[in-house]
Each structure stands twice: as structure tokens, then as C-alpha cells.
Amino acid sequence: MSTALIKDDAELVSRLRTPGQCRKAFEDVIKLYSEPLYHTIRRLVPNHEDTNDLLQNTFVKAWMSLENFRGDAKLSTWLYKIAINESLTHLARERKRQNLSLDDQESAIINQIEADEYFDGNQADLLLRKAIATLPEKQRLVFNMKYFDEMKYEEMSDILGTSVGALKTSYHLAVKKIENFVKKNSLQN
Amino acid sequence: MKEIKEIIPNSTHSDGIKVPEGYFEDFAARMSQILPERPELDVRKITPPRSIWQRVRPYAFMAAMFAGVWCMLKMFTMMSGVSTEISFDNDPVLSDAASNDIIVSEIIDDVSHYEFYEYCDYELLNADSLGLDIDTSKVSGLVIE
């Protein structure tokens, strides 16, 4: 996802609130945000099929709870929150369903990443992706937003409801852990 | 803190994620079929009952506005220094009238005898001092009631 996600969507929001234009406006929302939200979800849930389901759920939830969107936050922020919640809920549900610990799930995710047919990065990108998979969920989120989306800490703070200072610390810790992972795996290879 | 580029030099700053061919092109169309029908948003807001102040407020503002205009006019008048009081000095009609003997004698009749004598003495004094020839018998022959 690029920074294109964070847009000034005042015009779109206005149409969403106009009777008669609501559905058409929401279709435009889908066109505009499906790709960035897909990437957001896919970085947490490492296979296309689950990501596709979660992306659809995200838009259905947004559509059904459009009244709850008060417009004091950005539309993108609101959608981002829904997508992240859906993804984290899915991961927790899968852990429970398969009776996995966090470590087991981490290993399962790394295996899925290695077997992912919809991945065209180089070996370094794959290594980074696996390193990110070893991070705790919160740090993984913060790292993805900062590194891939190049999002500002203030925007991340709005989405995650965490202070800017805590987010900076999370990012710093994430980079440290990635560095350790890379060192360890480079030595093994 | 190290940059990721330093940690993994060959990384491309991309997540390397790809999707099946035409996935995003079809996605919006597929989604619009999935989206359930729902009533349009009711954007009308329920108007809360108005308080007394809210009802009186326009009139209060209007009164304040008129008061403000009145104060401004008053201030401008004071600043301009023009007195609205009518006097012999600033009214040409009055000053003309005051210099007209007929008007003074016939209309302005509240001159007391004392003032009149004072005036006569002053005129005589000035006439003498100026060497004018004034028949004083006419003046002294006046009978005072």
C-alpha cells in the first residue's frame, strides 16, 4: 500500500452521505481502496485466499456500519482500522481453531510465506518478509505502516490509538529484531 | 538506528506481494454484487428543542447592533468638533439679525433700562473721546419711567 491511501476524501464522504448517491459512492470507495487495503491485510495474513475473504468482509462491514462513520476521522483511517481489526481477529480465530500458540502460528506463517505463489520479490525481500513475520502483531503493524506505507506517526497514532512515542519505540524495537533475525539467518546460510 | 537498507542491502522496499491476474479490475464489480441492500442513510438531523436564549438571541444581537451604530454616530459627532448649539457666533442668520437695528429694537425687547443707560453712557463716552458732536440735550431729555 502506498501513501495514496491517505487522501483527502471529503468529496467522497459528502457523496456517501447524500441519499441516492450512497451506493455509487461506496463502489468508488471500493475501487479506490481495495488495492491498498489488500496489501495491508496480506502483510498480516500471508495467503491470497484469506486476504480476499478479509478484504470483502472489511468492505461489507464498512458498508453496513456507514452510519457509524461520523466523518471526524479520515475515511481511509476508518477503513484501515476495520481492515486491521478483521485481520487480527482472523489470526486470533485461526490460533484458537488450530489450537496454536503464538510461536506455532509464527512458524506456520513463515511456511506459508515460503510457499506463497503470489510473491515476486527477490531473496532479500523474502528474508525481510520472514523477519517481519517473527515480530509481535503490534510491532508488525507499526513496521508495515512505517516502512512500506511510509505513513507518518501521527496518522498511525489515529489508526492504532497509540501515542506517537510508543509507536516510535515499537518501530525501533521492530528494526532491532529484524536485524537480529537477519544476522541469525545469514549465519545459518 | 540502522536503516533496513543497511540491514538487508538487496531489499527493494517493496513487499513483493502480487495478486491473480485482473484481481483488482474485477473486485469492485464482485463486491457490488455481494453488498447487501440497505436503506439510504437518513441524513436529516433531529432538531433539538431551542432554549430561551436561542430564541431571544437574534433580537439581542439586533438590539446590540443598533446600540453599536448609535454609539458610532455619537462618537463621530464628538470627534468632528462641530457644535450643534446655535449661537450668534456660528449662525450667520442670527448674526445678521443681531446687526439689524430694527430687529433688535422691535424683536429683542428684553433689554432692561439699566442696560440701556449703560449703553447710552458708553456711546456718549466714546463720542466725547472721539470728538464727535452729539446733542446731549436729546439724551438727557429722555424720561425714564
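The coordinates are above.
Calculation notes
- Residues numbered from 1 in each chain as written.
- Chains lettered and ligands numbered in written order.
- Predicted model: local features only at pLDDT ≥ 70, side-chain atom pairs only at ≥ 80, totals over all residues.
- Heavy atoms only, no water.
- Contact = heavy atoms within 4.5 Å.
- Buried area = accessible area lost by both parts, 1.4 Å probe.
- Salt bridge = Lys/Arg side-chain N within 4 Å of Asp/Glu carboxyl O.
- Helix = DSSP H or I, 4+ residues; strand = E, 2+ residues; numbered from the N terminus.
- Buried < 20%, exposed > 50% of the residue type's maximum accessible area, 1.4 Å probe, protein only.
- Polar contact = N/O pair within 3.5 Å; in protein donor to acceptor, adjacent residues only side chain to side chain.
- Phe/Tyr/Trp six-rings, centres within 6.5 Å; stacked < 30°, edge-to-face > 60°.

A. Here's a closer look at the interface of chain B and chain A. Counting from both sides, the interface comprises 31 residues of chain B and, opposite them, 48 residues of chain A. Around 3,900 Å² of area is buried between chain B and chain A when both sides are counted, 68% of it from carbon and sulfur atoms. Counting across the chain B and chain A interface gives two salt bridges. Note that R23 of chain A is salt-bridged to E37 of chain B, the shortest N-O span being 3.5 Å.

B. Main features of unusual backbone geometry. One non-glycine residue with positive phi stands out, namely E150 of chain A, at about 50°. Residue position: E150 of chain A is located in the loop between α7 (137-148) and α8 (153-160). Despite not being glycine, H13 of chain B shows a phi value in the positive range, around 65°. By secondary structure assignment, the location of H13 of chain B is in the loop between α1 (4-7) and α2 (23-34). On the accessibility criterion, H13 of chain B (37% relative accessible area) is partly exposed.

C. Up close: the pattern of salt bridges. Residue and element names in this part refer to chain A. Enumeration according to the criterion identifies 13 salt bridges over all chains in this entry. For R15, the salt bridge is made with E11, and the minimal N-O distance between the two is 4.0 Å. Taken together, the residues R15 and E11, both in helix α1 (residues 10-16) and four residues apart, mark about one turn of the helix. Here D28 makes a salt bridge to R15, at a shortest N to O gap of 2.8 Å.

D. Molecular detail of the side chain of S157 of chain A. Residues and elements named next belong to chain A. Mapped onto the fold, S157 is located in helix α8. Polar side-chain contacts of S157 include one of 2.7 Å to the backbone oxygen of T162. With residues up to four places along the chain from it excluded, the contact list for S157 reads T162, S163, V164 and L167.

E. Expanded view of the packing of aromatic side chains. All names here are of chain A. What the rule picks out here adds up to 13 aromatic pairs over all chains. With centroids separated by 5.2 Å and ring planes inclined at 20°, the aromatic side chains of F143 and Y147 adopt a geometry described as stacked. Of this pair, F143 and Y147 both sit in helix α7, four residues apart, which is roughly one turn of the helix. Each member of the pair, F143 together with Y147, is buried.

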